[in-house]
Amino acid sequence: MIKQYLAIIIIAMIGHCLSAQSISHYEDTYYSPFERYVYKPSTNFHTAVRQYRMDQLNTLVNTDSVLYNGLRIPNGKLNFWQRLLHDDLFTLDKGDINIVVNPIFAFEGGRENEEGLTTWTNTRGLFIKGNIGKHLHFYTDFVENQAVVPNYINQFASQTNMMPGQGQRKNFGSNGHDYAQATGYIAFNFAKYFHLQLGNGKHFIGDGHRSLLLSDGAFSYPYVKLTADFWNIKYMVMWNKMLNYDAIADQTDFRYPGKYGVHQYLDWNLTKRLSIGLYANVVYAEQDTTGYRGFDIHYLNPVNFFRPVEYNLGSPDNVTMGLNARYIAAKWLTFYGQFVLGEFKFDEVFSGNKWWANKQGFQLGARTFDLLGIDKLDLQLEYNQIRPYTYSHYTSIYSYSHLNQPMAHILGANFREGLAILKYRKNRWLFKTELMATMYGDDYGDGISWGKDVVKPNTQRPLDENGRPVDHGYSIGDGLKTNIYNADFNVSFLVNPRNMFNIVAGARVRTMTNDQETMDTQHVYFGIRTSLKSLYYNF
């Protein structure tokens, strides 16, 4: 069956003119230059599938003009330093072969006042993109990092052995971390409506700052993604591989246990303002109790519905479904939302008994552009909540996670969260204020899971007097009730829009409280950096 599908793809590719299509590498939403242009009533753009394709963006705006936004650059041939500050550092243009090379870096220093800790980040890397003829587009990047981080990020790294969204870490010096990451892809169009991408990276489905369906908060993963664009519909199916972190394997030569994910998303622009998207994914173990399973060809068909397939296999696979909606009320205002569903039993949902497996969550949000008529003053408001045990399974290998981090919302489950993000750009200056307030139910550290940590088996629920897991009475915030307030204020000066090279200064204030501890963070920082990747420290 695999050979048959490959043969169909190859025949389609030979029979039609292939064209290379690049993907926008501007993933940091704070510095995204195209965001405000896709949320307009007349675009008919599928905003929920990120990252965006450059050829589709170019049908809306001149992307080069948007990048520079009227910024002045020197005339004539640029020398090395002028290229570093104003343009691509290195380019090769030989007709049908084009290559671009740019540096990636972050040299930051700061002070965490509560613990008197000097923080710093040393990131070096580069990205290479280009095309070979009309048939192939490629992108690759690599970064190497060492860092001393504020107390709450250090606590996260110590507990998970991961840096947030940046993979596994190892000790560096007395209180630092060493970590690296590489991403890349090759991509091309075929058969007019179809786009194929093979790579290692992250993806995001939704219109919000967070996603309850598929987010880019975890570490990169290998994937194959097929998308189809026709009429007012965009359909995406992606096959990817994830890993389950194993502390024992970490100390030996054994590999981490693997699992596969298959993701389907159908986005339909019902009108030029209203979009509805349906999402489904399935997670299954590479090896289970019956032996080595590997890639399951039952999930290879890109148009199958997963739940009937999973049910008829008699499998323990973990299926999650969801809905994404967006309404562009005006050229300056967009409303959006999501709903996620892990389990549905009619009697339990409407009984009011708060069954543990009522795995549901929702998101409501609004984006405004040019608020109060002020050019490039943008505000985003968002609310998220997810019930306990959503995304989890009876064994951790089937959880919707990758290397100890959730594949959806960065907080996992069992929480309520409110966000406000205010941005203002004037020429090269960007001012940003970000506020987050969240309440979640954490675990007490006694081996009992209260449903926040999606990696923990949901069979480890609290026990009744007979020693059996309790089935009913679960609400958001159960467990160790924890409140977090996180605020970040910064101002940055954009130097080179080609790689979002900017100079930044800012401060973060964070307070975490529960019955076991209080952790305060007061962090001031300054740095020069390239802001291309989405890195989430608001948790």
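That block above? That's the structure.
Basis of the calculations
Residues numbered from 1 in each chain as written. Predicted model: local features only at pLDDT ≥ 70, side-chain atom pairs only at ≥ 80, totals over all residues. Heavy atoms only, no water. Buried < 20%, exposed > 50% of the residue type's maximum accessible area, 1.4 Å probe, protein only. Helix = DSSP H or I, 4+ residues; strand = E, 2+ residues; numbered from the N terminus. Core = buried A, V, L, I, M, F, W, Y, C linked by side-chain atoms within 4.5 Å. Contact = heavy atoms within 4.5 Å. Phe/Tyr/Trp six-rings, centres within 6.5 Å; stacked < 30°, edge-to-face > 60°. Lys NZ or Arg CZ within 6 Å of the ring centre and 35° of its normal. Patch = residues over 30% accessible without salt bridge, like charges linked within 9 Å, V, L, I, M, F, W, Y side chains within 5 Å. Areas by Shrake-Rupley, 256 points an atom, 1.4 Å probe, with all protein chains shown as cover. Salt bridge = Lys/Arg side-chain N within 4 Å of Asp/Glu carboxyl O.

> Account for helix 6 (residues 151-160), naming residues and giving values.
When we look at burial in helix 6, the residues that qualify are Asn-151, Tyr-152, Ile-153, Phe-156, Ala-157 and Thr-160. Positive phi shows up at Asn-161, right after helix 6, with a value of about 60 degrees.

> Describe in detail the nonpolar core, supporting the description with residues and values.
By size, the foremost hydrophobic cluster in this structure holds 72 residues, and its most contacted members are Leu-214, Tyr-391 and Tyr-400. When residues of this core are assigned to their parent elements, the largest contribution, four residues, is made by helix 6. When residues no more than four places from it in sequence are discounted, the contact partners of Tyr-391 are Leu-212, Asn-318, Thr-320, Val-340, Ile-386, Ser-399, Tyr-400, Ala-408, Gly-412 and Val-454. Counting residues in each nonpolar core, the second largest holds 18 residues, with Ala-191, Leu-196, Tyr-235 and Val-282 among its members.

> Go over the packing of aromatic side chains, please, and point to the residues and values.
Within this structure, the stated rule accounts for 24 aromatic pairs. Measuring from ring centre to ring centre gives 5.8 Å for Tyr-139 and Tyr-185, while their planes differ by 20 degrees; the resulting arrangement is stacked. Taken together, the residues span a long stretch of sequence, with Tyr-139 in strand 5 (residues 136-148) and Tyr-185 in strand 9 (residues 176-190) at a distance of 46 residues. There is no split in this pair, since Tyr-139 and Tyr-185 are both buried. One aromatic cluster is present, built from ring pairs that chain together Trp-355, Trp-356, Tyr-389 and Tyr-474. Across from the ring centre of Phe-204, 3.9 Å away, lies the NZ or CZ of Arg-50, which sits over that ring. Note that Arg-461 overlies the ring of Trp-356, its terminal NZ or CZ placed 4.1 Å from the centroid.

> Any details on a nonpolar patch on the surface? Residues and values, ideally.
Taken together, the side chains of Tyr-193, Phe-194, Phe-230, Trp-231, Trp-268 and Leu-270 make up a nonpolar region of the molecular surface, amounting to roughly 640 Å² of accessible area. Secondary-structure assignment places Trp-268 in strand 14 (residues 258-269).

> I'd like to hear about the environment of Gly-110, residue by residue, with values.
Along the chain, Gly-110 falls in strand 3 (residues 97-112). For the pair Gly-110 and Thr-438, spaced 328 residues apart in sequence, the C-alpha to C-alpha distance is 25 Å. Ignoring anything within four residues of it in the chain, the contact list for Gly-110 reads Leu-117, Thr-118, Thr-119, His-523, Val-524 and Tyr-525.

> Kindly report on the pattern of salt bridges, identifying the contributing residues and their values.
In this structure the tally under the stated criterion is 22 salt bridges. The partner of Glu-108 in a salt bridge is Arg-529, with the nearest N and O atoms 3.8 Å apart. Taken together, the residues Glu-108 in strand 3 and Arg-529 in strand 28 (residues 518-530) connect sequence positions 421 residues apart. According to the relative accessible area criterion, Glu-108 is partly exposed, its value standing at 21%. For Lys-376, the salt bridge identified is with Asp-375, shortest N-O distance 3.4 Å. A cluster of three or more residues bridged by salt bridges with shared partners is formed by Arg-53, Asp-55, Asp-229 and Lys-234.

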